[in-house]
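Secondary and tertiary structure notes
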Amino acid sequence: QVQLVESGGGLVQPGGSLRLSCAASGSIFSINAMGWYRRAPGKQRELVATITSGANTKYSDSVKGRFTIARDNAKNTVYLQMNSLKPEDTAVYYCNADIFSSSSYSRDYWGQGTQVTVSS
């Protein structure tokens, strides 16, 4: 019914930039909060950034000042602009969204992930 599809990952040099996109499609009444998470090799999944329906944002300390989360409600899409990338940013990045399929029911959805590799 609902799918989240990430795009924009790839290989980038340290100090470079990437912009990740996550588009939601399917039976969508509205979308509440959206966010990005990541899992680095040998590590647990961690929160990167979130954005509410009111556009309030939160970031993990490790990415503050470097990453920016934004959303385009008309396109049901959330973005993650990543600047000044570091090797430790290497991870699979996952999109998450709290989506209403009706006015009274919502649940979390996850994308399949997109690989970001920061290396020379």
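Just above, that's the structure.
A short tour of the structure in this document, coming up. Please read all numbers here as calculations on a predicted model, not as lab measurements. (Residues numbered from 1 in each chain as written. Predicted model: local features only at pLDDT ≥ 70, side-chain atom pairs only at ≥ 80, totals over all residues. Heavy atoms only, no water.)

Summed over the entire model, instances satisfying the criterion amount to 4 salt bridges. A salt bridge links E46 to R38, with the shortest nitrogen-to-oxygen separation between them at 2.8 Å. With a relative accessible area of 33%, E46 lands in the partly exposed category. Residue classification places R38 among the buried residues on the basis of a relative accessible area of 4%. One connected set of salt bridges, linked through shared partners, spans R38, E46, R66 and D89. (Salt bridge = Lys/Arg side-chain N within 4 Å of Asp/Glu carboxyl O. Buried < 20%, exposed > 50% of the residue type's maximum accessible area, 1.4 Å probe, protein only.)

Moving on, we come to unusual backbone geometry. A positive phi angle is found at A55, which is not glycine, with a value near 75°. Relative to the assigned elements, A55 resides in the loop between strand 5 (46-51) and strand 6 (57-59). Taking relative accessible area as the criterion, A55 reaches 49% and is therefore assigned partly exposed. Even without being a glycine, S84 presents a positive backbone phi close to 50°. Inspection of the secondary structure puts S84 in the loop between strand 8 (77-82) and strand 9 (91-100). What makes S84 partly exposed here is its relative accessible area of 40%. (Helix = DSSP H or I, 4+ residues; strand = E, 2+ residues; numbered from the N terminus.)

Inspection of every chain in the model, using the stated rule, returns 1 aromatic pair. Here R45 stacks its cationic end above the ring of Y37, 5.7 Å away from the centre of that ring. When the ring centre of Y109 is taken as origin, the NZ or CZ atom of R107, which lies over that ring, is 4.2 Å away. (Phe/Tyr/Trp six-rings, centres within 6.5 Å; stacked < 30°, edge-to-face > 60°. Lys NZ or Arg CZ within 6 Å of the ring centre and 35° of its normal.)

Here N76 shows up in the loop between strand 7 (67-72) and strand 8. Residue classification places N76 among the partly exposed residues on the basis of a relative accessible area of 25%. Spatially, the C-alpha atom of N76 lies 8.3 Å from that of C22, the residues being 54 residues apart in sequence. Discounting chain neighbours no more than four positions away, the residues touching N76 are C22, A23, A24, I28, I31 and M34. (Contact = heavy atoms within 4.5 Å.)

The next thing to look at is the sheet that holds strand 1 (residues 2-7). Read from one edge of the open sheet, 4 strands run 1-3-8-7, paired in antiparallel fashion. Because the sheet does not close on itself, it has two edges, and the strands there are strand 1 and strand 7. Adjacent strand axes in the sheet meet at a mean angle of 15° when their direction is disregarded. (Pairing = 2+ DSSP bridges. Axes fitted to C-alpha atoms, helices over the stretch in contact; angles between N-to-C directions.)

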